[in-house]
Amino acid sequence: MAKTDTRDARATIDQIKGLEECGCQLVRVAVPDREAAAALPAIRKGIAIPLIADIHFDHRLALLALEAGVDGLRINPGNIRDPEHIARIVRAAREREVPIRVGVNAGSLPPSKSTVKTVTERMVDAAMEEIELLERLDFDLIKVALKAFDVPITIAANRAIATRMPYPIHLGITEAGTPRKGVIRSAVGIGILLHEGIGDTLRVSLSGDPREEVVAGYEILKSLDLSRRGPVLVSCPSCGRTEVDLVALAIAVEERLATMEKPIKVAVMGCVVNGPGEARDADVGIACGRGRGIIFRKGEQVRTVEEADFLQALMAEIERL
Ligand code: SF4
């Protein structure tokens, strides 16, 4: 999701361009008022990926967003309650064949008649009520998201909704926190669901640079072999056997690989215990010893280099691939 003021089309386009470079495949922008809606045509024109308008409270903003040519809408069942307002949005979305995401958030659930239902049950109920309303309006371009900060609640809610409706599911742990902790929380929640075959799109929500959200999303996908975009770095944590500055080397290699799109596996290993095996298994790897390292490419030992040349030699082999 873009984090700029949507009313500032130039800043929003620039930020989305940065996200596209990281591999972002679709982007959502907040549309809090008419001025933000008025900026949508310029934003749509200025970017290459589908644009989703995030609408709360005012159905007229959804209608303006559709007129502006957005590729998708996100509405929150807790915030647009009037069925006639939903009907108007649906009519306009159907005319343009624009999908609607029913985005349920644990923090903004619609009021419940039940006093005994859990948050998970209320999230599923809210999503199902909205889905059934859309279906009654003969609309099926639906996508569903059930997000909470609480990981077990998010997992339970998504497992439940996946058994009750046929539509694509967007995954996320909402308000997951700052990058250091939010990435872990997101990886646990999103990763468990993806591993169970649940989820079609995802967003990592971090209090930080949105490009980090995209990078984290790809790392989750790559951890589960669901994406081959960009390099995978295998690096050992180092230990008492390490006789080189392994951590500095791993960080330097990671920085160099950050902008690369080649789907390669690179190994940076600190000793002869696991080093040669991992390095041989990677597309390019280094197994370090005392002040020297053996470079492997595609399973073959290609040369031995001095510690001062580790980074340069490794990157040269990567470039040769
Ligand atoms: Fe230690 Fe070697 Fe394992 Fe690295 S690969 S953690 S240096 S034993």
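Residues numbered from 1 in each chain as written. Predicted model: local features only at pLDDT ≥ 70, side-chain atom pairs only at ≥ 80, totals over all residues. Heavy atoms only, no water.

Asker: For the sheet that holds strand S11 (residues 292–297), give the residues involved together with the corresponding values.
Answerer: Judged by pairing direction, the sheet is mixed, and its five strands sit side by side in the order S8-S9-S10-S11-S12 without closing on themselves. Only two strands of the sheet have a single partner each, and these edge strands are strand S8 (232–235) and strand S12 (300–306). Across the sheet, the mean angle separating the axes of adjacent strands is 20 degrees when strand polarity is ignored. Here four bridges tie S8 to strand S9 (residues 265–269), and the two strands are oriented parallel to one another. (Pairing = 2+ DSSP bridges. Helix = DSSP H or I, 4+ residues; strand = E, 2+ residues; numbered from the N terminus. Axes fitted to C-alpha atoms, helices over the stretch in contact; angles between N-to-C directions.)

Asker: Which residues make up the packing of aromatic side chains, and what values go with them?
Answerer: This model, assessed by the stated rule, comprises zero aromatic pairs. The lysine or arginine in question, Arg229, covers the ring of Tyr218, its NZ or CZ lying 5.3 Å from the ring centre. (Phe/Tyr/Trp six-rings, centres within 6.5 Å; stacked < 30°, edge-to-face > 60°. Lys NZ or Arg CZ within 6 Å of the ring centre and 35° of its normal.)

Asker: Let's hear about the environment of Ser207: which residues, and what values?
Answerer: As for its placement among the helices and strands, Ser207 is situated in the loop between strand S7 (201–202) and helix H8 (210–223). Considering only alpha carbons, one finds Ser207 and Ala258, 51 residues apart in sequence, at a separation of 21 Å. Apart from residues lying up to four places away in sequence, Ser207 is in contact with Gly177, Thr178 and Pro179. (Contact = heavy atoms within 4.5 Å.)

Asker: Quick rundown of helix H7 (residues 179–195)? Include the residues and the values.
Answerer: The terminal C-alpha atoms of H7, which comprises 17 residues, lie 22 Å apart, in line with the 24 Å expected from a rise of 1.5 Å per residue. Regarding H7, the residues found buried are Gly182, Ser186, Gly189, Ile190, Gly191, Leu193 and Leu194. Contacts from the buried residues of H7 go to helix H6 (151–164), strand S6 (169–171), S7 and H8. One or two steps after H7, the chain reaches Gly197, where phi turns positive at roughly 85 degrees. (Expected span 1.5 Å × (residues − 1). Buried < 20%, exposed > 50% of the residue type's maximum accessible area, 1.4 Å probe, protein only.)

Asker: So what about the domain arrangement of the chain? Which residues, and what values?
Answerer: Parsing the chain into structural domains produces domain 1 (9–223) and domain 2 (232–320). Computed from C-alpha coordinates alone, the two centres of domain 1 and domain 2 are separated by 40 Å. (Domains from an automatic or database assignment.)

Asker: Explain the nonpolar core residue by residue, including any values.
Answerer: Counting residues in hydrophobic clusters, the biggest one holds 73 residues, and the most contacted among them are Ile55 and Leu73. Residue contributions to this core peak at eight residues, all from helix H5 (residues 119–136). In contact with Leu73, other than residues within four places in its own chain, are Ile52, Ala53, Ile55, Ala62, Ala65, Leu66, Ile89, Val98, Pro99, Ile100 and Arg101. Core analysis: the next-biggest nonpolar cluster, separate from the first, contains 25 residues, Val234, Val244, Val284 and Phe310 among them. (Core = buried A, V, L, I, M, F, W, Y, C linked by side-chain atoms within 4.5 Å.)

Asker: Requested: an account of the pairing of strand S1 (residues 27–30), with residues and values cited.
Answerer: As paired strands, S1 and strand S2 (residues 51–55) are joined by four bridges and run parallel to one another. Looking at S2, one finds that Val29 is bridged to Ala53. With respect to chirality, the unit in which S1 leads through helix H2 (residues 34–46) into the neighbouring parallel S2 is right-handed. (Right-handed = clockwise from strand over helix to strand, strands pointing away.)

Asker: Before we move on, could you go through the sheet that holds S1 and cite the residues and values that matter?
Answerer: Paired through backbone hydrogen bonds, the strands of a sheet run either parallel or antiparallel to each other. With respect to topology, seven strands assemble into an open sheet ordered S1-S2-S3-S4-S5-S6-S7, the strand pairing being parallel. On the outer flanks of this sheet lie S1 and S7, each paired with one strand and no other. Two strands pair when backbone bridges link them, and strand S4 (residues 100–105) and strand S5 (residues 142–147) are joined in this way by six bridges, in the parallel orientation. Note that in S5 the partner of Val104 across the bridge is Leu146.

Asker: Quick rundown of the site of the ligand? Include the residues and the values.
Answerer: In the vicinity of the ligand, the residues found are Cys236, Pro237, Ser238, Cys239, Arg241, Thr242, Met269, Gly270, Cys271 and Asn274. Split into classes, the residues belonging to the shell around the ligand amount to five nonpolar, four polar and one charged. (Near = heavy atom within 4 Å. Nonpolar A, V, L, I, M, F, W, Y, C, P; charged D, E, K, R; others polar.)

Asker: Describe the side chain of Asn79, and please don't skip the residues or the numbers.
Answerer: Looking at the secondary structure, you find Asn79 in the loop between strand S3 (72–75) and helix H4 (83–96). Leaving out residues up to four positions away in the same chain, Asn79 has contacts with His56, Phe57 and Ser108.

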